[in-house]
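Secondary and tertiary structure notes
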Amino acid sequence: MTALPANRRILLVSRPVGIPQPGDFAIDEAVQEPIHDGQFRIRNLFLSVDPAQRGWANEGSNYAPAVPLGSVMRALAVGRVVETAHADFPVGSHVYGWLGWQHYAVATPADILSQFTAPAAPLSCYAGILGINGLTAHLALNGIGRPRAGDTVLVSTAAGAVGSVVGQLARAQGCEVVGLTGDDDKARLCQARFGYHRADNYKTGTIDTVLDAAVPDGVDVFFDSVGGEILDATLRRMRTGGRIVQCGTASIATWNPAPVGLRNEREVLTRRLSWGGFVIFDHVAEFSGAIAELAAALRSGALAYDEDIRAGLDRAPEALVDLYAGRNRGKVLISLD
Ligand SMILES: NC(=O)c1ccc[n+]([C@@H]2O[C@H](COP(=O)([O-])OP(=O)(O)OC[C@H]3O[C@@H](n4cnc5c(N)ncnc54)[C@H](OP(=O)(O)O)[C@@H]3O)[C@@H](O)[C@H]2O)c1
């Protein structure tokens with residue numbers, strides 16, 4: 001057997017407080033070890049850059065333990081099986097899962113979220129619109145938001161990898177769909193491409209003036225990925241029986257110390273709101289059915305998506321900073337040659 005090349009990897013080397021910075025990471029090259037029974041080796045093709053990586057890198061309250069210092073940065077990726085000791089993962093098949101910010105990963109079935117031997121879409125899609133971003137939009141909107149025709153659906157991070165899909169799915173269900181984004185161009189994109197009837201730049205004026213204009217009659221479903229002031233202001237505009245999908249908390253700079261905000265429990269009570277937290281990794285059993293539905297919508301041209309693909313492993317840390325600064329147009333991926 002020819003010697004395996006060294007594995008280039010990005011390690012988390014210091015514990016960030018808030019958004020991880022490039023200095024929190026280091027690149028190294030590791031010797032690749034032989035695989036054992038039940039394992040398979042994957043050559044990563046597209047590394048995912050996700051807002052969730054802030055939470056995985058930081059200490060503190062989360063649904064998963066923090067990435068240990070000195071280890072490969074936790075990340076989802078799409079790759080091709082190049083060596084196998086597992087009959088269900090033949091060489092040449094493609095997988096999406098916990099493969100890390102690195103060129104090669106040694107995996108077991110527990111690391112894999114989806115497997116596709118005959119891809120129904122470009123491979124990059126399986127790390128975005130057919131990965132956790134599109135799946136979160138689909139499963140959280142329908143599972144927690146439960147939109148009905150005629151509902152007003154408000155979406156934060158409206159132009160992003162998750163939000164752009166939420167807009168289109170809600171529109172297809174007969175809802176009035178309103179987006180919030182941090183950039184005029186993205187607001188235009190939301191309306192031109194992602195199904196929104198209206199989209200506003202939340203950075204123009206106060207959030208109250210923006211919402212007064214955008215949702216004057218209130219909100220039935222708030223698909224929220226930012227929390228903070230936008231959530232506080234929207235709670236006071238929810239219609240009776242409204243549903244809030246808590247998908248993310250991008251606007252909160254740090255959870256340590258815990259932020260203190262307005263008291264909104266009265267709004268939840270008097271408006272009879274349902275407020276549900278969603279973590280996509282609780283729904284892996286639903287992935288294959290949901291991927292099939294999203295892939296069919298993609299093929300029929302009913303779903304548009306944007307990708308922001310940057311070439312080279314070294315660019316991953318800066319891409320995460322850009323994501324939090326809003327300097328992304330769609331799903332951020334790192335392509336590896
Ligand atoms: N719960 C789950 O299982 C799950 C799964 C996937 C994603 N998510 C969440 O969904 C959200 C979107 O993820 P994505 O992958 O689709 O990323 P994305 O929307 O493509 O990119 C992140 C966007 O967040 C916005 N943002 C950043 N800082 C902000 C702030 N301080 N206030 C308001 N908006 C801010 C920026 O958009 P603007 O330029 O428009 O401000 C930025 O482009 C994130 O909160 C993520 O954690 C949750």
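What comes next is a walk through the structure.

Tyr96, Leu130 and Phe223 are the most contacted members of the largest nonpolar core, which totals 50 residues. For this core, the leading source of residues is helix α2 (residues 132-145), giving 7 residues. With residues up to four places along the chain from it excluded, the contact list for Tyr96 reads Leu76, Ala77, Val78, Ile112, Leu113, Ser114, Phe116, Tyr126, Ala127, Gly131 and Ile132. If you look at the next biggest cluster of nonpolar residues, it comprises 29 residues, including Ala57, Val81, Phe89 and Ala316.

It is at 10 Å that the axes of α2 and helix α8 (residues 287-299) come closest, and there the two elements cross at 100°. With respect to α8, the element α2 is oriented roughly perpendicular. Two secondary-structure elements touch here, α2 through Gly134, Leu135, His138 and Leu139 and α8 through Phe287, Ala290, Ile291, Glu293 and Leu294. For the contact of α2 with α8, a count of residues per class yields 6 nonpolar, 2 polar and 1 charged.

Neighbouring the ligand are 25 residues, the closest being Thr181, Lys186, Tyr202, Phe278 and Asn328. Take Asn328: an N or O atom from its side chain is 2.6 Å from an oxygen atom of the ligand. For the ligand, whose unbound accessible area comes to 900 Å², protein coverage reaches 89%. Contributions of two or more residues to the shell around the ligand are made by α2 and α9 (316-324). Broken down by element, the shell around the ligand gets its largest block of residues, 3 residues, from α2. Looking at the shell around the ligand, its residues break down into 13 nonpolar, 11 polar and 1 charged.

Conventions we followed
- Residues numbered from 1 in each chain as written.
- Predicted model: local features only at pLDDT ≥ 70, side-chain atom pairs only at ≥ 80, totals over all residues.
- Heavy atoms only, no water.
- Core = buried A, V, L, I, M, F, W, Y, C linked by side-chain atoms within 4.5 Å.
- Buried < 20%, exposed > 50% of the residue type's maximum accessible area, 1.4 Å probe, protein only.
- Helix = DSSP H or I, 4+ residues; strand = E, 2+ residues; numbered from the N terminus.
- Contact = heavy atoms within 4.5 Å.
- Axes fitted to C-alpha atoms, helices over the stretch in contact; angles between N-to-C directions.
- Parallel < 35°, antiparallel > 145°, perpendicular 65-115°, else oblique.
- Nonpolar A, V, L, I, M, F, W, Y, C, P; charged D, E, K, R; others polar.
- Near = heavy atom within 4 Å.
- Polar contact = N/O pair within 3.5 Å; in protein donor to acceptor, adjacent residues only side chain to side chain.
- Areas by Shrake-Rupley, 256 points an atom, 1.4 Å probe, with all protein chains shown as cover.

Everything listed here is a matter of geometry and, on its own, says nothing about what the molecule does.
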